[in-house]
Amino acid sequence: MDATAWDFPAWPVARLVARVVVGGVWVVAGALKLSDPAANVRSVRAYQLLPEAVVPTVGHALPALEIVVGGALLLGLLTRVTATVSALMLAAFVIGIASAWARGLSIECGCFGGGGSPAANAAAKYPWDIARDVGLLLLSVWLVWRPRSALSLDRRLLPSEA
Amino acid sequence: MAKKKSTATRRAESQAASARAAAIRKEQERKERRRQTLVVTAVGVVVLAIIVLVVTRLSSSKDTTGATGAAPKGVVAGYAVPSGPSSAPVKVTVYEDFICPYCGQFEAASRTAFQKDIDAGKVQFQYHVLNFLDGNSTTRYSTRSANALAVVLNSAGPTAAKRFHDLLFENQPQERTAGLTDSQLVDFAVQAGAKKSAVQSGIGDLTFEPWVKKVTDKASKDGVTGTPTVSIGGKTLKYSTTEELVTKVEQAIAKGRS
């Protein structure tokens, strides 16, 4: 953990808010996907980025990873590690959506489970999906850089700064 | 150098010594904190990783992909409900979900024109009916209606199945509602030409649900990412409006080849 010399007292509270926002989105996104594994596999396949051999595994692992990372962020457990995983996943999603956009693919992003609206409408939402993911990515990177926050399990589990 | 050190020198030396000791102590504490952080992090990462693995395994055991299910009698191209003769020069593959509103629009906009071409033997439509929008109704209407279509095809043949398909789109329920009930599905099946006794149990028991899942999975592997998707001769038609899609299909049928 790095020094927090110029850390204002309000920052740990602000980072608590960041944790709750990012963690909350992950938990909701993961929980909505949990009920239909076949749909998750189809969502991953739709991006046409990964070889078919790994598509089912990624489809099954993503919701699990999302829920665990989200839950850990909500609890403030291993914030630096889990925020790193969060940032990496969000970066991957941004790349996935941007490349689908660039290739003219119309995919319901599958971000929150299922796939809803028709092909023609999905592409119109790409900018918003990307904007949301970039916002969450920035919050995650902030937590990687300065992981200490208010009301976190880390405060109990990890040794405090001298 | 037997000379006695001055009081000032001694004080300075002892201060330096205690500063060194403090620095060493601090360094040790820092190392100890680092060790503790590493241990807690390592244990935590292992625990979290195990949870991820367990949930992933649970999820893959619930995956229905590759479910084995017999296809209904009368299917063409492995997964499709046919409309029109198999000898027709143009084959149009349509991927739909009975609750998808744009599929309803596509059907409404194209029904009359396409039916003439079908009756004239110019084209065979091959309907792949999916259940991927199950979340858009409160009763898994996509699965129930697609299963009902398979039941009707199996027991009453393609003509009745096409009529049933058309009836369901003409009476399409709104998204996020319960959709048609099973007994309404049975009524439409009878209206389409099926025997009530032959379809009632199959519609209620979702006899062809595993097959419907197979159709949906195949569509995903064919690169279908939304509905309606229409492909002719293996090429997916690109469109931004329903009219554009209908026009492209009409042009392809008029050309008379796939």
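Residues numbered from 1 in each chain as written. Chains lettered and ligands numbered in written order. Predicted model: local features only at pLDDT ≥ 70, side-chain atom pairs only at ≥ 80, totals over all residues.

J.: Lay out the interface of chain A and chain B in plain terms, naming residues and giving numbers.
T.: With 36 residues of chain A at the contact, the number on the chain B side is 32 residues. Sorting the residues of the side of chain A that touches chain B by element identifies α2 (37-46), α3 (55-75) and α5 (119-122) of chain A as the ones contributing at least two each. When residues in the side of chain A that touches chain B are grouped by element, the largest group, 9 residues, is from α3 of chain A. Classifying every residue of the side of chain A that touches chain B by side-chain character gives 27 nonpolar, 6 polar and 3 charged. (Contact = placed C-beta atoms within 7 Å. Helix = DSSP H or I, 4+ residues; strand = E, 2+ residues; numbered from the N terminus. Nonpolar A, V, L, I, M, F, W, Y, C, P; charged D, E, K, R; others polar.)

J.: Describe the confidence of the model for chain A, and please don't skip the residues or the numbers.
T.: Per-chain confidence: chain A averages 86 in pLDDT, with 85% of residues scoring 70 or above. Below pLDDT 50 for its whole length, residues 1-5 of chain A participates in 4 contacts with residues either more than four positions away or in separate chains. (pLDDT = per-residue confidence, 0-100.)

J.: Lay out the domain arrangement of chain B with the relevant residues and their values.
T.: Along its sequence, chain B is organised into domain 1 (1-59) and domain 2 (81-255). In this structure, domain 1 of chain B and domain 2 of chain B have C-alpha centres spaced 69 Å apart. (Domains from an automatic or database assignment.)

J.: Explain helix α4 (residues 79-102) of chain A to me, using residue names and the numbers behind them.
T.: All names here are of chain A. Helix length check: α4 (24 residues) gives 34 Å between terminal C-alpha atoms against 34 Å at 1.5 Å per residue, within 8%. Residues of α4 that are buried: Thr79, Thr82, Ala83, Val85, Ser86, Ala87, Leu90, Phe93, Gly96, Ile97 and Ala100. Along its buried surface, α4 packs onto α1 (11-33), α3, α6 (126-145) and α7 (154-157). Of the residues trailing α4, Gly104 is marked for its positive phi of about 75°. (Expected span 1.5 Å × (residues − 1). Buried ≥ 20, exposed ≤ 12 C-beta atoms within 10 Å, placed from the backbone.)

J.: Kindly report on the sheet that holds strand β4 (residues 229-232) of chain B, identifying the contributing residues and their values.
T.: All names here are of chain B. One open sheet holds the 5 strands; their spatial order is β1-β3-β2-β4-β5, and the pairing between them is mixed. Of all strands in the sheet, those bounded by a partner on one side alone are β1 (81-83) and β5 (235-236). Examined bridge by bridge, strand β2 (residues 90-96) and strand β3 (residues 123-129) share 7 bridges and lie parallel to one another. Along β3, the bridge assignment pairs Val90 with Val123. (Pairing = 2+ DSSP bridges.)

J.: Describe the nonpolar core, with residues and values.
T.: All names here are of chain B. Counting 94 residues, the largest nonpolar core has Leu149, Val152, Phe164 and Ala189 as the members making the most contacts within it. With 13 residues, the top contributor of residues to this core is helix α3 (residues 141-170). Apart from the residues lying within four places of it in its own chain, the contact partners of Val152 are Ala160, Ala161, Phe164, Ala189, Ala192, Ala194 and Val199. (Core = buried A, V, L, I, M, F, W, Y, C linked by C-beta atoms within 7 Å.)

J.: Before we move on, can you summarise unusual backbone geometry with the specific residues and values?
T.: Each neighbour pair has its own omega, and for Thr227 of chain B with Pro228 of chain B the value is -5°, a cis peptide bond. Tracing the backbone shows Pro228 of chain B in the loop between α6 (209-221) and β4. Although it is not a glycine, Leu78 of chain A sits at a positive phi angle of roughly 50°. Here Leu78 of chain A is to be found in the loop between α3 and α4. Since 27 C-beta atoms lie within 10 Å of it, Leu78 of chain A is described here as buried.

J.: Before we move on, can you summarise the packing of α4 of chain A against α6 of chain A with the specific residues and values?
T.: Residues and elements named next belong to chain A. Packing of α4 against α6 brings their axes to within 8 Å, and their N-to-C directions diverge by 160°. Between α4 and α6, the angle falls in the class roughly antiparallel. Classified by chirality, the crossing of α6 by α4 is left-handed. In terms of residue class, the contact of α4 with α6 is made up of 17 nonpolar, 4 polar and 3 charged. (Axes fitted to C-alpha atoms, helices over the stretch in contact; angles between N-to-C directions. Parallel < 35°, antiparallel > 145°, perpendicular 65-115°, else oblique. Left-handed = near helix turned anticlockwise from the far one by under 90°.)

J.: How would you summarise the pairing of β2 of chain B if you had to cite specific residues and measurements?
T.: Remark: a regular strand shows side chains that alternate across the two faces of the sheet. All names here are of chain B. Here β2 lies mainly inside the structure; 7 of its 7 residues are buried. Judged by which residues are buried, β2 turns out to be covered on both faces: Val90, Val92, Val94 and Glu96 on one side and Lys91, Thr93 and Tyr95 on the other are all buried. The handedness of the β2 to β3 crossover, carried by helix α2 (residues 101-119), is right-handed. Alignment of β2 against β4, held across 4 bridges, turns out to be antiparallel. (Right-handed = clockwise from strand over helix to strand, strands pointing away.)

J.: Now, about the environment of Lys125 of chain A: what can you tell me, with residues and values included?
T.: All names here are of chain A. Here Lys125 is to be found in the loop between α5 and α6. With 16 C-beta atoms counted inside 10 Å, the residue Lys125 sits in the partly exposed group. The spacing of Lys125 and Ala31 is 94 residues in sequence and 22 Å in space, taken between C-alpha atoms.

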